[in-house]
Amino acid sequence: TANIFFQNYFIQRVKYNFRRRFLKKLSEISFLGYNDRHSTYGHYLIEGSTEHTFSVGLNGLLTIVSEIMIFLALCSLLTAINPHIFIFMSGLTLIALLIIKITLPRFYFWGKKFEKAGLEGSRRSLDFFQAFKELILLGKRDDFMENYHKVSKIKADISALNTSINNLPRIFLETFF
């Protein structure tokens, strides 16, 4: 838990420093070079893109680095204690990597399906609110709701499956190590 706290604190500190420097850079634009695009685009970059980049991207990168460090420390300790167990564990790790290699194309397929379901769900939701009167007056509300629920269920099922499978390699390695 201390690692998670320091990792998140580090990410927030880096994000803060980046935003501060970026805003300083934007404030140095000459008045003649400033246009309306800079106001909305700068706001989007500072509040939207950097938030996502640092929260998701840097967090993922630091998690991978810390997990690799822990893995290497465990491997070193295991090699020092009993080299035969290390060889056995290395074989299990190679099997896990093979399983990941085989299942990776399925992740791509599920991602495409999830994206399609998400776009379709957003489109149907938007249609519902834009054509609410017509749906009620024409008696199409139940048909619309049934179609929306189908798309929403597909998205929820894929999300649950993807999240569960994403954790399997870590759980597998933790179980055997």
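Predicted, not measured: the structure shown is a model, and the values here were computed from it.

A short note on the overall build of the protein chain
Helix and strand counts for the protein chain come out as five helices and zero strands. Its helices and strands in sequence order give the protein chain the pattern α-α-α-α-α, from N to C terminus. A total of 177 residues make up the protein chain; the buried ones form 16% of that total. Pairs at least 24 apart in sequence give 71% of the contacts found in the protein chain among residues at least 6 apart. When the accessible surface of the protein chain is totalled, it reaches about 13,700 Å², and 68% of it is carbon and sulfur.

Digging into helix 1 (residues 2-27)
For helix 1, built from 26 residues, the straight-helix expectation of 38 Å at 1.5 Å per residue is met to within 8% by its first-to-last C-alpha distance of 37 Å. Among the residues of helix 1, those classed as buried are Gln7, Ile11, Lys15 and Arg19.

Some details on a nonpolar patch on the surface
There is a patch of nonpolar side chains on the surface, built from Ile64, Ile68, Phe71 and Leu72 and spanning about 360 Å² of accessible area. Counting through the fold element by element, Leu72 comes out in helix 2 (residues 36-81).

Quick word on the pattern of salt bridges
Tallied over the entire structure, the rule returns two salt bridges. The salt bridge involving Glu146 is made with Lys150; its shortest N-O contact spans 3.8 Å. Placement of the pair is Glu146 and Lys150 together in helix 5 (residues 141-176), with a separation of four residues, close to one helical turn. Note on Glu146: relative accessible area 45%, which makes it partly exposed. For Lys150, a relative accessible area of 49% puts it in the partly exposed group. Here Lys153 ties to Asp157 by a salt bridge, and the two come within 2.9 Å at their closest N and O atoms. With Lys153 and Asp157 both in helix 5 and four residues apart, this pair spans about one turn of that helix. Since its relative accessible area comes to 41%, Asp157 is described here as partly exposed.

Focus: the side chain of Thr93
Checked against the element boundaries, Thr93 lands in helix 3 (residues 83-130). Of the polar contacts made by the side chain of Thr93, one reaches the backbone oxygen of Met89; its length is 2.8 Å.

Focus: the confidence of the model for the protein chain
Regions with low pLDDT carry predicted coordinates that are not meant to be interpreted in detail. Per-residue confidence for the protein chain averages 77 on the pLDDT scale, and 86% of its residues sit at or above 70. When mean pLDDT is compared element by element in the protein chain, helix 3 scores highest at 80, while helix 4 (residues 132-137) scores lowest at 74.

Considering the environment of Phe107
Relative to the helices and strands, Phe107 resides in helix 3. Residue Phe107 is classed as buried on the basis of its relative accessible area, which comes to 19%. Placed 59 residues apart in sequence, Phe107 and Asn166 show a C-alpha to C-alpha distance of 9.1 Å. Phe107 has contacts with Asn162, Ile165 and Asn166, leaving out every residue within four places of it along the chain.

Structural notes on the side chain of Ser66
Within the secondary structure layout, Ser66 lies in helix 2. The buried category is assigned to Ser66, whose relative accessible area is 12%.

Reading guide: rules and limits
Residues numbered from 1 in each chain as written. Predicted model: local features only at pLDDT ≥ 70, side-chain atom pairs only at ≥ 80, totals over all residues. Heavy atoms only, no water. Helix = DSSP H or I, 4+ residues; strand = E, 2+ residues; numbered from the N terminus. Buried < 20%, exposed > 50% of the residue type's maximum accessible area, 1.4 Å probe, protein only. Contact = heavy atoms within 4.5 Å. Areas by Shrake-Rupley, 256 points an atom, 1.4 Å probe, with all protein chains shown as cover. Expected span 1.5 Å × (residues − 1). Patch = residues over 30% accessible without salt bridge, like charges linked within 9 Å, V, L, I, M, F, W, Y side chains within 5 Å. Salt bridge = Lys/Arg side-chain N within 4 Å of Asp/Glu carboxyl O. Polar contact = N/O pair within 3.5 Å; in protein donor to acceptor, adjacent residues only side chain to side chain. pLDDT = per-residue confidence, 0-100.

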